[in-house]
Amino acid sequence: ATPTAILVGTGRGAQLGVLIRGPEILESTRRVDTVVLDKTGTVTEGRMRVVDVWGAGRSTVAEPVEADANHLTDAPDVLRYAAAVESLSEHPIARAITAAGRSAGEPETGTPLEVTGFIAHAGGGVEGLVRRAHSGLALGGALNTRRVLVGRPAWLVEQGVTVPEEVRTAVRQQEEAGATAVAVAWNGAARGVIALRDPAKPTSARAVAELQELGLRPYLLTGDSEGAALVAARAVGIPDEDVIARVLPADKATVVAQLQAEGHTVAMVGDGVNDAAALATADLGLAMGTGTDVAIEASDITLVRGDLRAAASAVRLSRKTLRVIK
Ligand code: ADP
Ligand code: MG
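This report concerns the structure included in the present document. (Residues numbered from 1 in each chain as written. Chains lettered and ligands numbered in written order. Predicted model: local features only at pLDDT ≥ 70, side-chain atom pairs only at ≥ 80, totals over all residues.)

**Notes on the sheet that holds strand β4 (residues 114–121)**
Here is step 1: What the 6 strands build is an open sheet, ordered β3-β8-β7-β6-β5-β4; its pairing is antiparallel. Looking at the sheet topology across the chains shown, the edges are occupied by β3 (49–55) and β4. Mean inter-strand twist for the sheet, computed between neighbouring axes without regard to direction, equals 20°.
Here is step 2: Pairing geometry for strand β5 (residues 125–131) and strand β6 (residues 145–151), over 7 bridges, is antiparallel. Looking at the pairing, Gly128 lines up with Val148 of β6.
Here is step 3: Sitting on the sheet, helix α6 (residues 92–104) touches β3, β5, β7 (180–186) and β8 (189–197), and the angle it makes with β3 is about 70°. (Pairing = 2+ DSSP bridges. Helix = DSSP H or I, 4+ residues; strand = E, 2+ residues; numbered from the N terminus. Axes fitted to C-alpha atoms, helices over the stretch in contact; angles between N-to-C directions. Contact = placed C-beta atoms within 7 Å.)

This is the structure we're talking about:
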């Protein structure tokens, strides 16, 4: 009856939206005591939207406000150049900036900005050479091209970009208010800030409560700022001390390994390319079915509908199935 019970267990999982790679996975699922949750796209919608665009050189720093056409025109170049480069990236931040750039519209005279030499730096930002299309006079190609970078201020500094104090202040204010803020730079200096928000999925708070009821300890792990991480954690009931922010993609696996070294059996739930190594390192990797193929391939279990509550279902199912067997 043992193999039958396991097959019934995995079959029941499929009904619950939990795709289990193989029957042996149920055993590691049962033993898990710690769950590391990626923030963006796992706990949150992963659909950011731009809530503020700020351009350097203005005398006052904008308060976080809802995006509206009038406000966006205050910093047209910041949004236009950022959107041109981000249109080549798949990151949730990039999608939001591209969409905001599109709705802000192109000036009548301009044709779409051309981007070459695009590079995505995981956990840092993006860069590209943006070619300004309209220049009545025959300026040289080089003069007409700007190296535009969009990303975390610390990463911009690593790239040799100057980040003026007023830009740092704008970023800090947005982060303290719980937004994700990226700086936009060209000609060697940061010149603007774009703030974004990404609300928690409606099911995430319930999912965290269910995981806690099962005796598991959920952590929130993210490459994002402390401010944005705390806002997301509080929205779903994860205590501040279990928030691990500003973790580079390569270090997410290290965090999982540290928890394992402390004697925990660790599940990791993620959706992104930046989660793949951590998913593979964890005793149990769970990928959002709505996430990237890379994350799904690195995982033992796929949560088909991208609903975090299915992680709790998987744990309950493994306990029930293996209890039947014993
Ligand atoms: P998460 O762990 O929340 O999925 P990432 O590791 O992908 O976050 O990114 C961490 C940080 O790196 C972001 O909060 C942002 O500051 C910066 N970043 C990454 N990709 C981009 C991008 N395409 N554009 C701008 N900034 C980016
Ligand atoms: Mg993610």
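Text resumes after the structure shown.
**Re the site of ligand 1**
Here is step 1: By nearness alone, 23 residues border ligand 1, and Thr40, His91, Gly125, Arg152 and Gly223 come closest of all.
Here is step 2: Secondary structure elements with two or more residues in the shell around ligand 1: α3 (39–43), α6, β5, β6 and β7.
Here is step 3: Each residue belonging to the shell around ligand 1 can be placed in one class, and the counts come to 6 nonpolar, 12 polar and 5 charged. (Near = placed C-beta within 6 Å. Nonpolar A, V, L, I, M, F, W, Y, C, P; charged D, E, K, R; others polar.)

**Some remarks on the nonpolar core**
Here is step 1: By size, the foremost hydrophobic cluster in this structure holds 95 residues, and its most contacted members are Ala82, Ile194, Leu220 and Ala311.
Here is step 2: In terms of residue count, helix α5 (residues 76–86) provides more of this core than any other element does, 7 residues in total.
Here is step 3: Residues lining this core come from more than one domain, with at least three contributed by each of domain 1 (2–45 + 200–325) and domain 2 (49–197).
Here is step 4: With residues up to four places along the chain from it excluded, the contact list for Ile194 reads Val50, Val53, Val78, Leu79, Ala82, Ile97, Val182 and Val184. (Core = buried A, V, L, I, M, F, W, Y, C linked by C-beta atoms within 7 Å. Buried ≥ 20, exposed ≤ 12 C-beta atoms within 10 Å, placed from the backbone. Domains from an automatic or database assignment.)

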